[in-house]
Every structure is written in structure tokens, then in C-alpha cells.
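Reading the structure
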Amino acid sequence: MSRLEQCFKALKDANKKALIPFVTAGDPNAEFTLACMYEMVKAGANIIELGVPFSDPMADGPVIQKASERALDNGMSLRGVIEIVSRFRERDKITPVILMGYLNPIEFMGYEAFVQKAAEAGVDGVLTVDIPPEESKDLIAAYDKYDLAPIFLLSPTSHEGRIKKIVSVAKGYIYYVSIKGVTGAGHLELGPVQDKVAEIKQHTSLPIAIGFGVKNADIASNIAKIGDGVVVGSALIECITSHTGNESAGQQAISDLLNSMREAMDAVT
Amino acid sequence: MPTNKPQKQSKVTDYNLPDEQGHFGPYGGTFVAETLMGSIEELNEAYQKYMQDPEFLAELDTDLHDYVGRPSPVYHAKRLSDETGGAQIYLKREDLNHTGAHKVNNTIGQALLAKRMGKTRIIAETGAGQHGVATATVAARLGLECVVYMGAEDIQRQSPNVYRMRLLGAEVVPVTSGSQTLKDALNEALRDWVTNIDNTYYIIGTVAGPHPYPAMVRDFQTIIGRESREQMLEKTGRLPDALVACVGGGSNAIGLFHPFIEDEEVAIYGVEAAGLGVETGKHSAPLCAGKPGVLHGNRTYLMADEDGEILETHSISAGLDYPGVGPEHSWLKDIGRAEYVNINDDEALEAFHQLTRVEGIIPALESSHAVAYATKLAKTMDKDQTILVNLSGRGDKDIFTIAKIEGIEL
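Reading the values: the criteria
- Residues numbered from 1 in each chain as written.
- Chains lettered and ligands numbered in written order.
- Predicted model: local features only at pLDDT ≥ 70, side-chain atom pairs only at ≥ 80, totals over all residues.
- Heavy atoms only, no water.
- Contact = heavy atoms within 4.5 Å.
- Buried area = accessible area lost by both parts, 1.4 Å probe.
- Salt bridge = Lys/Arg side-chain N within 4 Å of Asp/Glu carboxyl O.
- Polar contact = N/O pair within 3.5 Å; in protein donor to acceptor, adjacent residues only side chain to side chain.
- Helix = DSSP H or I, 4+ residues; strand = E, 2+ residues; numbered from the N terminus.
- Nonpolar A, V, L, I, M, F, W, Y, C, P; charged D, E, K, R; others polar.
- Buried < 20%, exposed > 50% of the residue type's maximum accessible area, 1.4 Å probe, protein only.
- Arc of directions from axis to C-beta.
- Pairing = 2+ DSSP bridges.
- Axes fitted to C-alpha atoms, helices over the stretch in contact; angles between N-to-C directions.
- Left-handed = near helix turned anticlockwise from the far one by under 90°.
- 1 Å grid on protein atoms, 1.4 Å probe; cavity = no way out; pocket = protein on both sides within 12 Å on 5 of 7 lines; lining within 4 Å.
- Points joined across faces, edges and corners; volume = space filled by probe spheres on them.
- Parallel < 35°, antiparallel > 145°, perpendicular 65-115°, else oblique.

Remarks on the interface of chain B and chain A
Across the boundary between the two partners, chain B contributes 40 residues, which contact 38 residues of chain A. Ranking the residues of chain B by area buried against chain A places Glu34, Arg191 and Glu309 of chain B at the top, with a combined share of 22%. Here chain B is connected to chain A by seven salt bridges. Its salt-bridge partner being arginine 162 of chain A, residue glutamate 34 of chain B comes within 2.9 Å of it at the nearest N-O pair. Counting across the interface, chain B meets chain A through 20 residue pairs in polar contact (both at pLDDT 80 or more). Among the elements of the structure, strand E2 (27-31), helix H1 (34-50), helix H8 (182-195), strand E11 (291-295) and strand E12 (297-302) of chain B are those that each provide at least two residues to the side of chain B that touches chain A. With eight residues, the single largest contributor to the side of chain B that touches chain A is H8 of chain B. A class-by-class count of the residues in the side of chain B that touches chain A yields 13 nonpolar, 14 polar and 13 charged.

In C-alpha cells:
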């Protein structure tokens, strides 16, 4: 059983939902990200999504855009992100780590080389925002070879045909985008999310994590009632930017937010 | 300088690309987030449907004739040809279109499509502002809300076009992310689209983006090549020996080239912007100096560093200042049907002055790249041979840029 499968099974046995923080690797620097990963696990994170910074993050709102720019300015790259995961694995062999980013850095590294390096470093899955299943055949073949999970997005505009197509190739979990918009946007409405997640569940037994627009413990607990996992990203990055120049305060704010989400989520499951 | 004499290019028969998934060989395709896939499917269905619809095509024809002023003439630039020495240079006068460039051929078509699809809001990206102006123009005419994304840097450089768009009723939104130029404006327009999917139509200005845009924008631009073909036959009794067009995203070029792809006797040249020189890295020539990757929804040649991060580009001409290129050009390059060459800022500027001086035609800086290459090529050819250059736009918009470079205060 893969690390991801074990993780979701253990959560299910304990009647809990996955708390999945997202941070952009290298924002503001690699050392911070590495330390932050351990702290996030202590604060109740079950899976970590590491953002791979890209110069043209088309699906991201301003918060993650700026995080990508800071990370790139500090020299982060796809190679650098894989290196961070490899160092994380020296002390944590349990928490699944997912890379989330865009296709071009992977194209430039080469599919096979990327997947091999990522698997060796201890990456468990990859979510590449701008490659739908229609274009994924070669990449998925590479993932299969090294046992990495291809993770795909589903959105409010995904009709039944698309849901079927995506769940047939996805592994690990489905990332449901709760709103029409970019990361960090507002106005998450629970009713439509609940309906769509119920529709998706008719087509797959994969766990469903829900993200985009999860800003606080209150929303996290409501989302936890609907899905199998809660993804929080922009709100964590804002913890870093609101304490620019004081990394330990930024880290503390991240831990506090995750702790509050963990507590609120556990109270409703 | 190596000889420019038309080289034998590959023979192509039964050219029928892209395939159903929008692929030109390994290029093109649909590389977008799932959040956009629904809209793209909807657009593709509408495009497939209306491009077969006689009523839609008739309305498009009427608009191109009565509103844009088509057909645009082909003009024999005799004095330029004489001064150059060698082949006869002909100009396809897209600069004479309403709004002053080829861009309007596409915005008219897409705006009519948007209207048929029931969309009430139009968004667009723009670099130099030509596509923004062409979009704001058709939006005004059809009574559609219009929002144009433009890099904050470009807004500074192109203030007359910004004012023009605002006069036309468009909202011009400055983009401050990334390099604050065209590519970032495109990112921001995609973000708007995904947020306002229900009522919004995104008019991409070039043959880039996810399928069906590269094919659709091409189809709206091939009017250039179809007219040229007839006009050259009428004027000279045969097809031109060579076609020359500038390539940024590549919409004016593919519009001219496409109807000639199967004509083996016609050599095809796409001219990229070499900026300060391809060897300096400060250029916009992905076909000449980049490598394949994925950006803005398609696989194509790109300018990126070894980690795949997109590089900033440079050209004297804001309309060529883009790190990618339409995927069909990548394919035509790989199969050897078209040759992609480059012209630097100085050469373009020289051609700008030459055409203005000897023909009384002020060309856009983008088109000046094509003129510059055509004069190089003409010198290697015989007097009875012909070159057709796509004069994609007029240069009024560039006079401030040029005056500034030459230290003249207006």
C-alpha cells in the first residue's frame, strides 16, 4: 500500500479528515520550507502539497503568484523542490508529499528524468495544473513506472463525461476546486460543493480533497463534513507575508492556523 | 551574410491540421487547468458549428467588406524594389484595414461567435495595444462589455492605444504580475476567464492559446492569404516566389502562409524579432533560438531557461515581444515547409525609414521586420521573381517610440 493509501486508511479508521497544507517551496527560502514542513506535520497536517514555483502561474491568484516570484527570485527550481523533499524524508518517512505546479519545468527536465528523481526523493504524487488527462498519456505512463500518483483537479464546471474521464486515470485523491476562479479567491458556497462532491462520489471511491478559498477554521470544518480532506494554501502564505522579515513569527502563524483548523475539523467528524 | 536565395523547402500535400485534439504534430493541444476545460469544450463546439454555418459566414463576409474595408489591396512597391535591386516586392496592405492592422480580421470573427454563444462580456490581452484596440472596437460596435488586460510596462510605452481603448468604452486593466508585459496580460486574462466563465468570452489575439484558438484565429486570418493568392495571380499571372511575414505569436504570418502551404513553388519565410541580436539573449525569437515546451495552453517553441522558467523577451516592437509562438509555426519549422529567420531592432528601424521614404507608407515596427528581410532576400533573387510581404499594420502607433529612440521631442 502506498503512503497516500495508508494515510487515508488510517484517517478513515480514526474517523478523521485529511488536513492538507500547501506552501510554495522556496518562499521565502528552502530552509524555511523544510523546517515548515516538519512544523506543519506537528500542527496536524496529514499530507503536504509543495508548490513548484513557475514564472507564469495561470491558475493562481495574487497570493500564490507573489510567492512563486519570491521563490524564483531566491533561486528555487523544480530540482530545488525535489531536493527539499529528499531532505524532508531524512526525518519523516510517513507523511505523503505532493508536488503541485505547472507542466513546463517538467517538460524541460524530461518526463522520465523528473518522475525518477521525484520518486527517489520520496515524492508520493504530482498535481500538474495545466495538463488534463487528454494530454497526459506519456506522463501517466512514467508515473506508473515509478509508482507516483497522478493527482487531478475537478471543478464546478466538470460535467459527468469529464468526471468519468478524470477518475479513470487519477490516483491518490481527487482535488476538488470549490469555486470558479483562481487560488485564494473568495465566496466558497457549501451547498453547490456538497452537491458536486456527491456527484463525483458516484463515480469513484478515491478520497476527495477540497480546496481553493479555505481561509479559516470555520470554513475548514464545514468542508471537512463534505469531503475527505481540506486543502489550505493562500491563507498559509499570507501568514508568511504578513510577517515578512520574521520567519519564526510567520511559522508560528502557520502552526496556529493549522492547529485551529485541525481542532475544528476533528470536532465535526 | 549567408545567401538568402529561396532554398528548396519541403513539399507538403493533403495538409489538414490540426487533428481533432488540436495537435500539429507534437505541438498545440489543450494544456489548461480543469477549471477551463468546460469553457474550452463549449467554445470548440461553437467554432466547429459556426464555421460551417452559411449565415454566420455571410455575416462575417459582410462585416469584413463594409466595416473592415476588405479586400485590402496588393501593392507593387516599385521604388523599393528598384532601390533594393533584385526581385519585385509586393505588399499586402493589411495596414489599410479599419483600426490599422490585421488584428481586426480575428476580433470581428470571434466577437460574432461570442454573440452567437450568448456571451455578454468580452475580455482580451494586449501587448502593443493593437489587439486591444481591435477588440474594443468590435465590442463597441456589438454593444458588449469589454475588459482589456495590459502589462503595466506596456501601458507606459503605448499610451495612445490605451487612450484609444478607453475612448471605445473598454476598461483597461494594468497587469503588475511577473514581467508586466504581454505574457502576464495573457495569464491575467485566463484568470479572469476562469472566474467569470458563465458570461465571458476570451478573444485571444494570436494563433496561440489552447485548442481551438490556434486553428480558429488562423481560420479568421487566412482571408489575407486567400485574397493575396487571387490578387497575385491577377497582377503577375502566377504565384509569388516567396512570402515574407513577421512572427510574434504569428497570426498575420499564418494568415498569409496557410493558403500557400501546398504550393511547392512558393517559399515561405517567417521573420522573428532578433531584438539586440539573438546572440545577446535579448530577443523574441523562440523559433530561431528557443526549444519546445508548454505555455499558455499549447506545446510550442519557447524562450525559457534550463529549468523551464519563461524568459523575458526584448524587441523594439511591442507586438513581437512574446516568448512563445503559435504551434503551427513550430510544426512548419520542424517539417521544413517554412524557414524562420530573424531581423534585429536596427535593421527593422532602417526598413521602417526606407519604406516611409521611398513608398510613402509608414509601416508598423512589427511589419518593418518583414520588410527588412524581404529586401535582404530580394537582393539574392532575379528581377522577374516576386516576393509578397504582409504589411500587417501601419506605423502611426510607433512614431513616439521611434522619435524617442532618435532623440526627437514631439
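Side note on helix H1 (residues 3-13) of chain A
Residues and elements named next belong to chain A. Those residues of H1 that sit buried are Leu4, Cys7, Phe8 and Leu11. For H1, the buried positions fall inside an angular range of 90 degrees around the axis, keeping them on one side. On the buried face of H1, the contacting elements are strand E1 (18-24), strand E3 (97-101) and strand E5 (149-150). Asparagine 15, located one to two residues past H1, shows a positive phi value of around 55 degrees.

Let's talk about the sheet that holds E1 of chain A
Residue and element names in this part refer to chain A. Pairing is parallel across the open sheet formed by nine strands, whose spatial order is E5-E4-E3-E2-E1-E9-E8-E7-E6. Every interior strand has two partners, whereas the edge strands, E5 and strand E6 (152-154), have only one. As defined by bridge partners, strand E8 (residues 208-211) adjoins strand E9 (residues 229-232) across two bridges and the pair is classed as parallel. The partner of isoleucine 210 across the bridge, within E9, is valine 230.

Side note on the environment of aspartate 154 of chain B
All names here are of chain B. In this fold, aspartate 154 is placed in helix H6 (residues 152-157). Since its relative accessible area comes to 2%, aspartate 154 is described here as buried. Between the C-alpha atom of aspartate 154 and that of proline 174, which follows or precedes it by 20 residues, the distance is 8.8 Å. Once residues lying within four places of it in the same chain are set aside, the contact partners of aspartate 154 are Thr126, Gly127, Gln180, Thr181 and Leu182.

Considering the packing of helix H4 (residues 103-116) of chain B against helix H9 (residues 213-221) of chain B
Residue and element names in this part refer to chain B. For the pair H4 and H9, the least separation of the axes is 8 Å and the interaxial angle reads 115 degrees. The way H4 lies across H9 gives a crossing that is right-handed. Counted together, Lys103, Asn105, Asn106, Gly109, Gln110 and Leu113 of H4 and Tyr213, Met216, Val217, Phe220 and Gln221 of H9 form the full contact between these two elements. Split by residue class, the contact of H4 with H9 holds five nonpolar, five polar and one charged.

Considering empty space enclosed by the protein
All names here are of chain B. Evaluation of the coordinates by the stated rule reveals seven cavities of 30 Å³ or more. For the largest cavity, the calculated volume is near 400 Å³. Looking at the largest cavity, it is lined by 31 residues, and the ones nearest its centre are His102, Lys103, Gly319, Leu320 and Glu366. Each pocket or cavity is described by its volume, and for the second largest cavity that value is around 90 Å³. Looking at the lining of the second largest cavity, the elements that each hand over two or more residues are H1 and H8. When the residues that make up the lining of the second largest cavity are grouped by side-chain class, the tally is eight nonpolar, one polar and no charged.

Side note on the packing of helix H2 (residues 30-42) of chain A against helix H12 (residues 247-268) of chain A
Residues and elements named next belong to chain A. Running from N to C, H2 and H12 point in directions that differ by 30 degrees, and their axes come no closer than 10 Å. In terms of orientation, H2 and H12 fall into the roughly parallel class. Seen along the crossing, H2 lies across H12 with a hand that is right-handed. Contact with H2, carried on its side by Phe32, Cys36, Glu39 and Met40, involves Glu247, Gln251, Ile254, Ser255 and Leu258 of H12 and no other residues of that element. Looking at the contact of H2 with H12 residue by residue, the class counts come to five nonpolar, two polar and two charged.

A closer look at unusual backbone geometry
Note that the residue after aspartate 27 of chain A, namely proline 28 of chain A, is joined by a cis bond; omega there is 0 degrees. Locating proline 28 of chain A in the fold gives a position in the loop between E1 and H2. For the peptide bond that leads from leucine 17 of chain B to proline 18 of chain B, omega is 5 degrees, which places it in the cis range. Of note in the backbone geometry, phenylalanine 212 of chain A takes a positive phi value of approximately 80 degrees without being a glycine. Looking at the secondary structure, you find phenylalanine 212 of chain A in the loop between E8 and helix H10 (217-226). You will see that glutamine 180 of chain B, though not glycine, has its phi angle at about 60 degrees, which is positive.

What to know about the pattern of salt bridges
Tallied over the full model, the rule gives 42 salt bridges over all chains. Its salt-bridge partner being glutamate 39 of chain A, residue lysine 42 of chain A comes within 3.1 Å of it at the nearest N-O pair. Of this pair, lysine 42 of chain A and glutamate 39 of chain A both sit in helix H2, three residues apart, which is roughly one turn of the helix. Taking the relative accessible area as the measure of exposure, lysine 42 of chain A reaches 65% and is therefore exposed. Here arginine 162 of chain A and glutamate 41 of chain B are joined by a salt bridge, their closest N and O atoms 3.0 Å apart. Of this pair, arginine 162 of chain A sits in helix H8 (residues 160-167) while glutamate 41 of chain B sits in helix H1, placing the two residues on different chains. Given a relative accessible area of 1%, arginine 162 of chain A falls into the buried group. Overlapping salt bridges bring together Glu134, Arg162 and Lys165 of chain A together with Glu34 and Glu41 of chain B as one network.

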